[in-house]
Amino acid sequence: KQEVTQIPAALSVPEGENLVLNCSFTDSAIYNLQWFRQDPGKGLTSLLLIQSSQREQTSGRLNASLDKSSGRSTLYIAASQPGDSATYLCAVGFQKLVFGTGTRLLVSP
Amino acid sequence: EAGVAQSPRYKIIEKRQSVAFWCNPISGHATLYWYQQILGQGPKLLIQFQNNGVVDDSQLPKDRFSAERLKGVDSTLKIQPAKLEDSAVYLCASSLEGRRIYFGEGSWLTVV
């Protein structure tokens, strides 16, 4: 049974810092890994999707990497801004996604 | 492009009452999902449809939850009778097969 863990559960940083969010999964036989953002009271917004044959994906200030052999993914956020404050969730799977419990990020001005 | 639409956004009911949530996926998306997200946890898949057929409902509590997707477009998720532990956000999502999954804003259920 696939299990997904995200560390840390919460993170508080000052504006401008670069930061890394971690995601680990128990079964390396995954198809895709997605990173989502969830704002309070809102649904999930897909940020990046890494297919199993890929090692990383980039979108603006976000970079996600995938290491299937070690069962890990990282989401790197460059030059963080207060608007980045949200909960970040990673999920693995092809269509049936298994989610981690998320990292709650607070970026202070 | 319009996103995934859900209604109602918020619902408060008493335990043992019934409730229904509606979802309209992104146009052309054959795959539709209902996820349950309890506060502080990640979403959990309840049911997945491919067009109007059920692909996976292994985590759907079938004694009280039901879902349908008539005509392969809109979907309805029903809970009857509701329990306190059903308090959660019910997220509908859709995708083209194997592609990125898009979520709606969710229907927030409180059972008192």
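Structure first, text after, so check above.
As a starting point, this report considers the structure included with it. (Residues numbered from 1 in each chain as written. Chains lettered and ligands numbered in written order. Predicted model: local features only at pLDDT ≥ 70, side-chain atom pairs only at ≥ 80, totals over all residues. Heavy atoms only, no water.)

**Thoughts on the packing of aromatic side chains**
Here is step 1 of the chain: Taken as a whole and judged by the stated rule, the model has eight aromatic pairs over all chains.
Here is step 2 of the chain: Between the aromatic rings of Phe65 of chain B and Tyr90 of chain B, the centroid separation amounts to 6.3 Å while the plane-to-plane angle is 45°, which identifies the pairing as tilted. Here the residue Phe65 of chain B occupies a position in strand E7 (residues 65-68), and Tyr90 of chain B occupies one in strand E9 (residues 88-95), the gap between them amounting to 25 residues.
Here is step 3 of the chain: Ring pairs connect the aromatic residues Phe36 and Phe99 of chain A together with Tyr33, Tyr35 and Phe103 of chain B, which therefore count as one cluster. (Phe/Tyr/Trp six-rings, centres within 6.5 Å; stacked < 30°, edge-to-face > 60°. Helix = DSSP H or I, 4+ residues; strand = E, 2+ residues; numbered from the N terminus.)

**Quick word on unusual backbone geometry**
Here is step 1 of the chain: Ile7 of chain A connects to Pro8 of chain A through a cis peptide bond whose omega is 0°.
Here is step 2 of the chain: Along the polypeptide, Pro8 of chain A turns up in the loop between strand E1 (4-7) and strand E2 (10-14).
Here is step 3 of the chain: Following Gln80 of chain B, the chain continues into Pro81 of chain B via a peptide bond in cis, with omega recorded as -5°.
Here is step 4 of the chain: Topologically, Pro81 of chain B is positioned in the loop between strand E8 (75-79) and E9.
Here is step 5 of the chain: At Asn51 of chain B, a residue that is not glycine, the phi angle is positive and equals roughly 55°.
Here is step 6 of the chain: Among the secondary structure elements, Asn51 of chain B is positioned in the loop between strand E5 (44-50) and strand E6 (53-56).
Here is step 7 of the chain: Residue Asn51 of chain B is classed as partly exposed on the basis of its relative accessible area of 40%.
Here is step 8 of the chain: Of note in the backbone geometry, Lys71 of chain B takes a positive phi value of approximately 65° without being a glycine.
Here is step 9 of the chain: Topologically, Lys71 of chain B is positioned in the loop between E7 and E8.
Here is step 10 of the chain: Since its relative accessible area comes to 80%, Lys71 of chain B is described here as exposed. (Buried < 20%, exposed > 50% of the residue type's maximum accessible area, 1.4 Å probe, protein only.)

**Considerations on the sheet that holds strand E7 (residues 62-67) of chain A**
All names here are of chain A.
Here is step 1 of the chain: As summarised here, the arrangement of the five strands in space is E1-E3-E8-E7-E6, forming an open sheet in which the pairing is antiparallel. The open sheet terminates on both sides in strands that have one partner only, identified here as E1 and strand E6 (56-59). Pairwise comparison of adjacent strand axes, ignoring direction, gives a mean angle of 15° for this sheet.
Here is step 2 of the chain: Examined bridge by bridge, E1 and strand E3 (residues 19-25) share four bridges and lie antiparallel to one another. By the bridge assignment for E3, Ile7 is matched with Asn22. (Pairing = 2+ DSSP bridges. Axes fitted to C-alpha atoms, helices over the stretch in contact; angles between N-to-C directions.)

**Some words on the layout of surface pockets**
Here is step 1 of the chain: When its volume is computed, the largest pocket comes out at roughly 510 Å³.
Here is step 2 of the chain: Around the largest pocket, the lining comprises 23 residues; the ones closest to its centre are Gln38 and Thr87 of chain A together with Gln37, Leu39 and Gly40 of chain B.
Here is step 3 of the chain: Every element with two or more residues in the lining of the largest pocket is listed here: strand E9 (86-92) and strand E11 (103-108) of chain A together with E9 and strand E11 (107-111) of chain B.
Here is step 4 of the chain: No other element matches E9 of chain A, which puts three residues into the lining of the largest pocket.
Here is step 5 of the chain: Its residues placed into classes, the lining of the largest pocket shows eleven nonpolar, nine polar and three charged. (1 Å grid on protein atoms, 1.4 Å probe; cavity = no way out; pocket = protein on both sides within 12 Å on 5 of 7 lines; lining within 4 Å. Points joined across faces, edges and corners; volume = space filled by probe spheres on them. Nonpolar A, V, L, I, M, F, W, Y, C, P; charged D, E, K, R; others polar.)

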